[in-house]
Each structure stands twice: as structure tokens, then as C-alpha cells.
Amino acid sequence: MVPPPETIRVSHRRISCDGASDIPGGAALGHPRVWLEIDDKGYVDCGYCDRRFILIGGAADGADQSALADISEGAA
């Protein structure tokens, strides 16, 4: 498997992603804001931009990200 293009460590299980919160120009360059929930696996992937959000101290924190399956939410 290939590792996700970007990983972000977070401290809360419920997070939002708009794909552009850290890009100059903001939301015009991203995607619709989606809310994602991290389950017991300790991570979730955005279905739009493939960012992976890893819960700090969770099951996936410190794991080899390329060995973990995609868990996408938010995209139809």
C-alpha cells in the first residue's frame, strides 16, 4: 500500500476537513467542509482530499501509515 499524501495528528475524535485550511486562498481551493469521526482504529481519511487524521495516543499513532487500510468518510 501507499502511505496517505498528508497526515495530521489531532487530539479530538470529531474533526472537520475542508481541504484548504492551511492553503493561502482558503476554501476557494479546497472542498466542501465535512465532519469526520475517528473510531477505535484511531484514524480516518477524508474522502475528498485523502488527508489522514490520526488520533494522538490512539491505535494508529506511531504505526506505519502505509500498512493501514483507507477509511474514508465524507465523500459521496
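Residues numbered from 1 in each chain as written. Predicted model: local features only at pLDDT ≥ 70, side-chain atom pairs only at ≥ 80, totals over all residues. Heavy atoms only, no water.

A. Inspection of the pattern of salt bridges at higher detail. A complete count under the given rule lists five salt bridges for this structure. In this structure, D18 engages R33 in a salt bridge whose closest nitrogen and oxygen atoms are separated by 3.5 Å. Within this pair, whereas D18 is found in the loop between β2 (14-17) and β3 (34-37), its partner R33 is found in the loop between β2 and β3, the two being separated by 15 residues in sequence. Its salt-bridge partner being D45, residue R52 comes within 2.6 Å of it at the nearest N-O pair. (Salt bridge = Lys/Arg side-chain N within 4 Å of Asp/Glu carboxyl O. Helix = DSSP H or I, 4+ residues; strand = E, 2+ residues; numbered from the N terminus.)

B. Here's a closer look at the nonpolar core. Counting residues in each nonpolar core, the largest one holds 15 residues, and the members touching the most others are C17, L36, I38, Y43, V44, C46 and F53. Sorting the residues of this core by element identifies β2, β3, β4 (43-46) and β5 (52-55) as the ones contributing at least two each. (Core = buried A, V, L, I, M, F, W, Y, C linked by side-chain atoms within 4.5 Å. Buried < 20%, exposed > 50% of the residue type's maximum accessible area, 1.4 Å probe, protein only.)

C. Spatial organisation of the state of the cysteines. Throughout the structure, instances matching the rule amount to zero disulfides. Free of any disulfide, C17 has its nearest cysteine sulfur in C49, 3.6 Å distant. According to the relative accessible area criterion, C49 is partly exposed, its value standing at 24%. (Disulfide = S-S within 2.5 Å.)

D. Here's a closer look at the pairing of β4. By the alternation rule, side chains of β4 split into Y43 and D45 and V44 and C46, which are all buried. Summarising the sheet, β4 and β5 pair through three bridges and their orientation is antiparallel. Note on β5: the bridge partner recorded for V44 is F53. Where β4 hands over to β5, the hairpin turn is made up of five residues, of which D50 adopts a positive phi near 70°. (Pairing = 2+ DSSP bridges.)

E. Highlighting the environment of R14. Checked against the element boundaries, R14 lands in strand β2. Distance from R14 to L55, taken between C-alpha atoms, is 9.7 Å for residues 41 residues apart in sequence. What R14 contacts, discounting residues up to four positions off in sequence, is W35, L36 and E37. (Contact = heavy atoms within 4.5 Å.)

Purely spatial values, then, with no claim about function.
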